[in-house]
Amino acid sequence: MFSVVLFLRLGFVVGQAGLYQSLGMFLVAYFIIGMTVLSVCAISTNGALDAGGAYYMISRALGPEFGGSIGIMFFLANVCGSALYTLGLVEAVVDDFGVPEEGNMGSGVHVLQRGYWFELLYGTVLLLLCLLVCLVGAGIYAKATFLIFVIVMGVLGTVVLSFFVVGPHTVQLPGGGGNGTGLGNASFTGFSLHTLRSNLAAGYSVDYTTGRLMSFSTVFAVMFNGCTGIMAGSNMSGDLKRPSYSIPRGTIIAVIFTYVIYNLMAVLLSCTCDRLLLQRDYGFLKDINIWSPLVTIGIYCSTLSAAMSNLIGASRILYALAKDDLFGKALVPAKKTSSGGNPWVAVVMSWLLVQLVLFSGKLNTIAAIVTIFFLLVYATVDLACLALEWASAPNFRPTFRYFTWHTCVLGIAGCTVMVFLISPIYASASIAFMIVLLLALHYLSPSSSWGYISQALIFHQVRKYLLMLDVRKEHVKFWRPQVLLMVRNPRTSLQLISFINDLKKSGLYVLGHVELNDLGSLPADPLPAQYDSWLQLVDRLNIKAFVNLTLSDSVRHGTQQLLFISGLGGMRPNTIALGFYDNRPSQDCLSQHPAFSNSEATAWLNFPPVWDSASRKPLSACEYVAVVADAVKMQRNVLLARSFDDLKLPQELGWRAQPLIDVWPINLLRPDSGRYVDTCSLFLLQMACVLAMTRAWRRARLRLFLCVESGTRPRSQEDKLRQLLKDLRILADIHTVPWDNVVALHWHSRKEAASDTAVNFPGNVACVSDDYLRAVNQLVLQQSSAPTVRFLYLPRPPADTSLYLQYLEQLEVLTCGLGPTLLVHGVSAVTSTEL
């Protein structure tokens, strides 16, 4: 942390901002890093740390997207930081050994030429020295760091002592003041009340190294680089013996110590140096020291140490990114290490980037960029700790307890405000770059096994809102279909799965499957092994559905289990959807579906092969009807889907084609009822309307068929139905269908049934003849040829279980050859005409 700022820019900060604003800057800066340090300590004491420091913490806490994007930002921050400290060292070397400028002859050895290209050459040489040390390894750097620390502390002691020992004198400014005013001298006054008063307020002027007018934000950007070393220990987490122990203690001590020293130095400078000296000579500490070479040694040691620290930090972050394979083959070379474990390729790549940044030429030029990068990293570290705290995960129990979510929020807020105060343009560009990286990693990076904090946060919020979802407050105005689709084998049900996904209208959608087996005879539960294939099926089809599997001795009992247990709280299925029970041969649609066309996609789909017609079905016809009857008893609406493997979804029809949804809302098995406004009819209308409201079916046309007899008034019935549709806000075309000939067949069968013996009281099922059903089937075909999908009224199953088989046969005859047909039975009111 004692880098270029301590010896070369602390006077600049006080001279430009004044004592009051300087102390305020230190307070703001250390408030921000203090909050961040608390987050770093919390995360670093919550488990074993590896190489990568802040990147490792963020990626393991927030997942690969945030980790990778912030890792790149932190890598660039360290690269630019290393360049900044190298430029600071070049500035000090040129001041000491450069050829004197006009008007400032100076003393000592002056052999180095001045100028942009010469200073770039000096920076390159010094950076090569840093590279050689870093190639040897972090071990030698760590040993050298302690020696550098002792030297810097000794020099700092002599600087503080000099304020008390050295008497007032005049200091010659570099370049005659550097502003063309002819002011070539400034004063070291010693302790003076007049000097202190003159340095209290801000006095922003032009920076003599860049020619730019300074402001609070630009000075803060330079000053903040003296605080960014808090991550040095974290960056070397892979090289520390006990990172969870060393990082919190070392970082907190460093923060407290440097804060005291910076404030002490600011006060001493304000009391002893006039403003001209502070603003026009950044190396003035050498001129007021007991022995000037000591300050030179301190500058060289601190800046060289900071440059190497950032170069090592950048290489370790790059190595960690490469190991995690977040960027594919682009960073593969950075994985290479020496026999001692030093990532030498990552060091060389980092060095090359630092070399490119050296072309910027001046320290103050890149100070703002470096500060913004570090502030964004600090904000994300705080965000990671905040997310872990809010997720309330039992495994987040750091041994460092001196933090709360309040400290994290304050840290994030402080970083965000200062980033935009320093440079709105740089800040916006950096955040945009980070978001682009985040999105690219989200869609392109492989899945990781680190755990995603987003999942923990989602769980936390979903649990909270599920508890707030009170079933006692449900109202018909806000009803929506929540469907449990029973799937025997996904290979034969892809179209139906996609259709129900459209039909659910933002409601709950559950794919249910019954595995026939006895858990008592098995060594382990077989369902977890299948679950992953079902989840990947959901991902490939791009549907929003949950998966619920159960083990049972029969399909009926398994379906009962799923109807009882599916969902949670106020989110439970109110509708069950089943494929139709017939002898139609099944087709394997999985291999032909575009989402599963390549072998890689189908390799993990361990679904059983398609049943052929010769195989015995796991479900009998009577049991199938019993499942429907059970659902009705449990107050669930029922959907029976027939021939949906022939369904052409709107996206398959093309944008020019208009899907047709045909609705027959009368109970065709009971033409004597003639009612269009019973619960089941209204539910049927609602489901058809819901389908037409979905995005995929928005262009569909709804056609409603009104069956009328000659003895009635068709116009009156049509007007009533039209008014009903108007009240329900349903847009549909009404088609009147005369069906006298069909009804006549029905009454004929009723007379035959009535002539039976008195002891037989035939139900409605027994009174419907096959001739009548075939006539109805032909009527439907004639009135609406080849719509996209048909909605028909599904009668309630008979109470007499002996009639189940006959009931199913009648449905078979009724829907034979109609194409994709949905038989609908509703048990509860789902429409509302109120606001």
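As the structure is a computational prediction, the values presented were derived from the model and not from experiment.

Taken in spatial order, the 10 strands of this open sheet run S5-S4-S3-S6-S7-S12-S11-S8-S9-S10, and their pairing is mixed. Either end of the sheet is taken by a strand with one partner, and the two such strands are strand S5 (546-552) and strand S10 (733-738). Between one strand and the next, the sheet's axes are offset by a mean angle of 25°, whatever the strand orientation. Relative to strand S11 (residues 789-793), strand S8 (residues 660-664) is paired through four bridges, and the arrangement is parallel. Its bridge partner lying in S11, valine 663 is registered against phenylalanine 791. Along the sheet, helix H23 (residues 679-693) makes contact with strand S6 (575-579), strand S7 (637-642), S8, strand S9 (701-708), S11 and strand S12 (821-825), crossing S11 at roughly 165°.

Further remarks concern the packing of aromatic side chains. Tallied over the entire structure, the rule returns 21 aromatic pairs. Taken together, a centroid distance of 4.6 Å and an interplanar angle of 40° make the contact between tyrosine 208 and tyrosine 282 tilted. You can see tyrosine 208 sitting in the loop between helix H6 (193-198) and helix H7 (216-224) and its partner tyrosine 282 sitting in the loop between helix H10 (275-280) and helix H11 (292-323), a full 74 residues away along the chain. Take tyrosine 208: its relative accessible area is 23%, and that puts it in the partly exposed class. Seen from their ring centres, phenylalanine 224 and tyrosine 378 are 6.2 Å apart, and the 55° between their planes marks the pair as tilted. With phenylalanine 224 in helix H7 and tyrosine 378 in helix H13 (residues 363-391), the pair connects residues that are 154 residues apart, well separated along the chain. Among the aromatic residues, those joined into a ring-pair cluster are Phe74, Phe216, Phe220, Phe224, Phe374 and Tyr378.

Burial analysis of S12 places five of its five residues in the buried class, which makes it a mostly covered element. Neither face of S12 is open: one carries Thr821, Leu823 and His825, the other Leu822 and Val824, and all of them are buried. Relative to S12, S7 is paired through five bridges, and the arrangement is antiparallel. Along S12, the bridge assignment pairs leucine 640 with leucine 823. With four bridges connecting them, S11 and S12 associate as parallel partners. Its bridge partner lying in S12, leucine 792 is registered against leucine 823. On the question of chirality, the crossover connecting S11 to the parallel S12 by way of helix H27 (residues 804-815) is right-handed.

Looking now at a nonpolar patch on the surface. Among the surface-exposed residues, Leu161, Phe164, Val165, Phe191, Ile290 and Trp291 lie close enough to one another that they form a single nonpolar patch of about 650 Å² accessible area. Examined against the element boundaries, valine 165 turns out to sit in helix H5 (residues 138-165).

Along its 21 residues, helix H15 (residues 424-444) runs 30 Å from first to last C-alpha, staying within 8% of the 30 Å computed at 1.5 Å per residue. Those residues of H15 not exposed but buried are Ala427, Ser430, Met434, Leu437 and Leu441. Down the axis of H15, the sector holding all buried residues measures 95°, keeping them to one side. Facing away from the buried surface of H15 by more than 90 degrees, the exposed residues are Ile425, Val436, Tyr443 and Leu444. For H15, the secondary structure elements touched by its buried residues are helix H3 (64-97), H13 and helix H14 (405-422).

Procedures and definitions
Residues numbered from 1 in each chain as written. Predicted model: local features only at pLDDT ≥ 70, side-chain atom pairs only at ≥ 80, totals over all residues. Heavy atoms only, no water. Pairing = 2+ DSSP bridges. Helix = DSSP H or I, 4+ residues; strand = E, 2+ residues; numbered from the N terminus. Axes fitted to C-alpha atoms, helices over the stretch in contact; angles between N-to-C directions. Contact = heavy atoms within 4.5 Å. Phe/Tyr/Trp six-rings, centres within 6.5 Å; stacked < 30°, edge-to-face > 60°. Buried < 20%, exposed > 50% of the residue type's maximum accessible area, 1.4 Å probe, protein only. Right-handed = clockwise from strand over helix to strand, strands pointing away. Patch = residues over 30% accessible without salt bridge, like charges linked within 9 Å, V, L, I, M, F, W, Y side chains within 5 Å. Areas by Shrake-Rupley, 256 points an atom, 1.4 Å probe, with all protein chains shown as cover. Salt bridge = Lys/Arg side-chain N within 4 Å of Asp/Glu carboxyl O. Expected span 1.5 Å × (residues − 1). Arc of directions from axis to C-beta.

These figures capture arrangement, not role.
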